[in-house]
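Per-entry structural report
The chain contents come next:
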Amino acid sequence: MDKTIDYNGLPYWIMEYCARMQKSGKISCALFTDDFQYGEWRKILPEEWIDEAIKAGDINKALEKYFDVMGDLEHLFSCLCYFHIDATETFPEQILYLRIRTGDVIEMHYIVGQGSEFLITLAENSENLPLVIDWDEAVKLSKLTTLDQARWYFNDMYSRADKNQKAFLEENKDKIFFFLGVSVIRYGFVQRINLNNLYESLKGENIL
């Protein structure tokens, strides 16, 4: 059984920390996991974490805390796998865009190369992204079944659709849900169908 994670505790805090520190220029890199312990992590981690660890007699406790928090975020990322955007180039890579309460958009990346790398970073340009999920919505979605996540995705598309797209979604709702159900075997929802390719996606799979 998965441990109970308070996503609104440190996992959310580190998302705001990432946005704040990158916007101020105090951190120029993403918050990452692979080989993080071999870099200048003392300059990247929150000062209060470092101070707390030193007071406890072991500065490495700050590093352990960081990996625990990033592990919780990676778990959230995995629970939202059907909302990932494929950005594969040299190595397989998936991205999830989340809007935190400050209005900033954070990118979550998972890259599989010689090792697995999970990282979070402030989105440089949050315009025209395929899908951005509000943080509180993401936490709720992480606890839903695949079917309920599909329902949410359909409703989200509908809320953003223009008049013609709404008509198409209404007319083909059952077909789209069938398509979403089939899609999860190989791809996420967003990758297979979105407002930019509604007709083409269903036509290409001979569903229309």
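Please refer to the structure placed before this passage.
Thresholds, definitions, all that
Residues numbered from 1 in each chain as written. Predicted model: local features only at pLDDT ≥ 70, side-chain atom pairs only at ≥ 80, totals over all residues. Heavy atoms only, no water. Helix = DSSP H or I, 4+ residues; strand = E, 2+ residues; numbered from the N terminus. Buried < 20%, exposed > 50% of the residue type's maximum accessible area, 1.4 Å probe, protein only. Areas by Shrake-Rupley, 256 points an atom, 1.4 Å probe, with all protein chains shown as cover. Lys, Arg positive; Asp, Glu negative; His and termini not counted. Charge placed at Lys NZ, Arg CZ, Asp CG, Glu CD. Phe/Tyr/Trp six-rings, centres within 6.5 Å; stacked < 30°, edge-to-face > 60°. Lys NZ or Arg CZ within 6 Å of the ring centre and 35° of its normal. Expected span 1.5 Å × (residues − 1).

1. Remarks on the overall build of the protein chain
- Looking only at helices and strands, one finds 10 helices and 6 strands in the protein chain.
- Reported as C-alpha extents along the three principal axes, the dimensions of the protein chain are approximately 65 × 35 × 35 Å.
- The proportion of buried residues among the 208 residues of the protein chain is 45%.
- About 11700 Å² of surface is accessible on the protein chain, with carbon and sulfur atoms providing 47% of the total.
- If you average the places of the 22 positive and of the 34 negative side-chain charges in the protein chain, the two averages end up 5 Å apart.

2. A look at the packing of aromatic side chains
- For the structure on display, the rule yields 16 aromatic pairs.
- Where phenylalanine 32 meets phenylalanine 36, the ring centres are 5.0 Å apart and the plane angle is 75°; that geometry is what we call edge-to-face.
- By way of ring pairs, the aromatic residues Tyr82, Phe83, Trp152, Tyr153 and Phe189 are connected into one cluster.
- Geometry around tryptophan 13 places arginine 20 over its ring, the cationic atom sitting 6.0 Å from the centre.

3. Here's the deal with helix α1 (residues 10-24)
- Taking 1.5 Å per residue as the helical rise, α1 with its 15 residues ought to reach 21 Å, and the 21 Å between its terminal C-alpha atoms agrees with that figure.
- Taken from the residues just after α1, glycine 25 is the one with a positive phi, measuring 85°.

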